[in-house]
Amino acid sequence: MPEPHLRQLGSRAPTAAALVLHGGSEHGFAPVPPLAPPYLRMVPFARTLAAHPDMAVFQLRYQVRGWNSTRQSPVADGRWALERIRRTFPDVPVALIGHSMGGRVAFHVADDPAVTAVCALAPWCPPTDPVEQLAGRQVLIAHGTDDKTTNPAESKAYAARAKDVTEVTLKWVEGEGHALLRKPRVWRDLVRGFVLGQLDH
């Protein structure tokens, strides 16, 4: 089994950190290569956040491509990454930024004690997924109205359920598909505004 990979950018003495989580597929045990498109798609978000002088940014590359049913393969990788972030920067709050399957990973690992905020972009969030672990976290869910890969209606339903346990902001990006490529500046501004806003909390 290949190892997950964690890349660090930004401050070496941060007051906040971010963990960036890429997308994947429903099934698949093939390793994620360094130049995998879902991983590369998240590089601009990591760089944008790392430009802030008080922010350390970690970009995770999973061991394998798939969620893989009850194995929840990337969830273990997310917890592995958070443990290393806590060990490197104890007591520093962490925001999670995930796209597609990465959004689902972010939701699942949000119960980590370091996590204070979750930003999910076009997330995969089936109706059976839990929300209780989001209690006490700030949550932003953003979805393109033309997404044909993950369902905007499921994001809306997940946000409604999560509002029972925490504060949730739901944003729509008009005319955007799943790949976040039609309006990249809109997505980066959403993420930057939300995550850097956590520095004031």
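Quantities reported herein were computed from a predicted structural model and do not represent experimental measurements.

**Q** What is the right way to read the packing of aromatic side chains from this model?
**A** To describe a pair of aromatic rings, one takes the distance between the centres and the angle between the planes. Taken as a whole and assessed by the stated rule, the structure comprises three aromatic pairs. Between F107 and Y158, the ring centres sit 4.4 Å apart and the planes meet at 25°, which makes this aromatic pair stacked. Of this pair, F107 sits in helix α4 (residues 101–109) while Y158 sits in helix α5 (residues 152–162), and the two are 51 residues apart along the sequence. For the pair formed by F107 and Y158, the shared burial category is buried. Sitting over the face of the ring of Y39, R61 holds its NZ or CZ atom 5.9 Å from the ring centroid. The lysine or arginine in question, R104, covers the ring of W67, its NZ or CZ lying 4.1 Å from the ring centre.

**Q** For this particular structure, what's the right way to read the nonpolar core?
**A** Nonpolar side chains in soluble globular proteins generally cluster together in the buried interior. Among the nonpolar cores identified, the biggest contains 39 residues, and L19, V94, L96, F107, V118, L134 and I141 are the most heavily contacted of them. Looking at which element gives the most residues to this core, the answer is α4, with five residues. L134 has contacts with F107, A110, V118, V139, Y158, A162, V165 and T166, leaving out every residue within four places of it along the chain. Of all hydrophobic cores here, the second largest spans 27 residues; its members include M55, L140, A142 and L196.

**Q** Is there a simple way to think about the sheet that holds strand β3 (residues 55–61) in this case?
**A** Sheet strands pair by backbone hydrogen bonding; their relative direction is either parallel or antiparallel. Spatially, β1-β3-β2-β4-β5-β6-β7 is the arrangement adopted by the seven strands of the open sheet, whose pairing is mixed. At either margin of the open sheet sits one strand with a lone partner, and together these are β1 (5–10) and β7 (168–173). This sheet shows a mean twist of 15° between the axes of neighbouring strands, independent of strand direction. Two elements, strand β2 (residues 16–21) and strand β4 (residues 94–99), share five bridges in a ladder whose sense is parallel. In the sheet register, L21 faces β4, and the bridge partner there is G98. α4 rests against β2, β4, β5 (115–121) and β6 (138–144) of the sheet, and its axis sits at about 150° to β4.

**Q** Can you walk me through the pattern of salt bridges in this structure?
**A** When the charged atoms of two side chains with opposite charge come close together, those side chains can pair. For the structure on display, the rule yields seven salt bridges. In this structure, the salt-bridge partner of R79 is D111, at a minimum N-O distance of 2.9 Å. Taken together, the residues span a long stretch of sequence, with R79 in helix α3 (residues 73–88) and D111 in the loop between α4 and β5 at a distance of 32 residues. Residue R79 is classed as partly exposed on the basis of its relative accessible area, which comes to 34%. On the basis of relative accessibility, which here comes to 39%, the residue D111 falls in the partly exposed class.

**Q** What is the right way to look at the packing of helix α2 (residues 43–50) against helix α6 (residues 184–197) in this model?
**A** Geometrically, a packed helix pair is captured by the angle between its two axes and the distance between the axes. Viewed as axis vectors pointing N to C, α2 and α6 meet at an angle of 40°, and their least axial separation amounts to 10 Å. In terms of orientation, α2 lies oblique with respect to α6. In the crossing of α2 with α6, the sense of the turn from one axis to the other is right-handed. Residues P44, F45, T48 and L49 of α2 form the contact with α6, whose own contacting residues are W187, R188, V191, R192 and V195. Its residues assigned to classes, the contact of α2 with α6 shows six nonpolar, one polar and two charged.

Cut-offs and rules
Residues numbered from 1 in each chain as written. Predicted model: local features only at pLDDT ≥ 70, side-chain atom pairs only at ≥ 80, totals over all residues. Heavy atoms only, no water. Phe/Tyr/Trp six-rings, centres within 6.5 Å; stacked < 30°, edge-to-face > 60°. Helix = DSSP H or I, 4+ residues; strand = E, 2+ residues; numbered from the N terminus. Buried < 20%, exposed > 50% of the residue type's maximum accessible area, 1.4 Å probe, protein only. Lys NZ or Arg CZ within 6 Å of the ring centre and 35° of its normal. Core = buried A, V, L, I, M, F, W, Y, C linked by side-chain atoms within 4.5 Å. Contact = heavy atoms within 4.5 Å. Pairing = 2+ DSSP bridges. Axes fitted to C-alpha atoms, helices over the stretch in contact; angles between N-to-C directions. Salt bridge = Lys/Arg side-chain N within 4 Å of Asp/Glu carboxyl O. Parallel < 35°, antiparallel > 145°, perpendicular 65-115°, else oblique. Left-handed = near helix turned anticlockwise from the far one by under 90°. Nonpolar A, V, L, I, M, F, W, Y, C, P; charged D, E, K, R; others polar.

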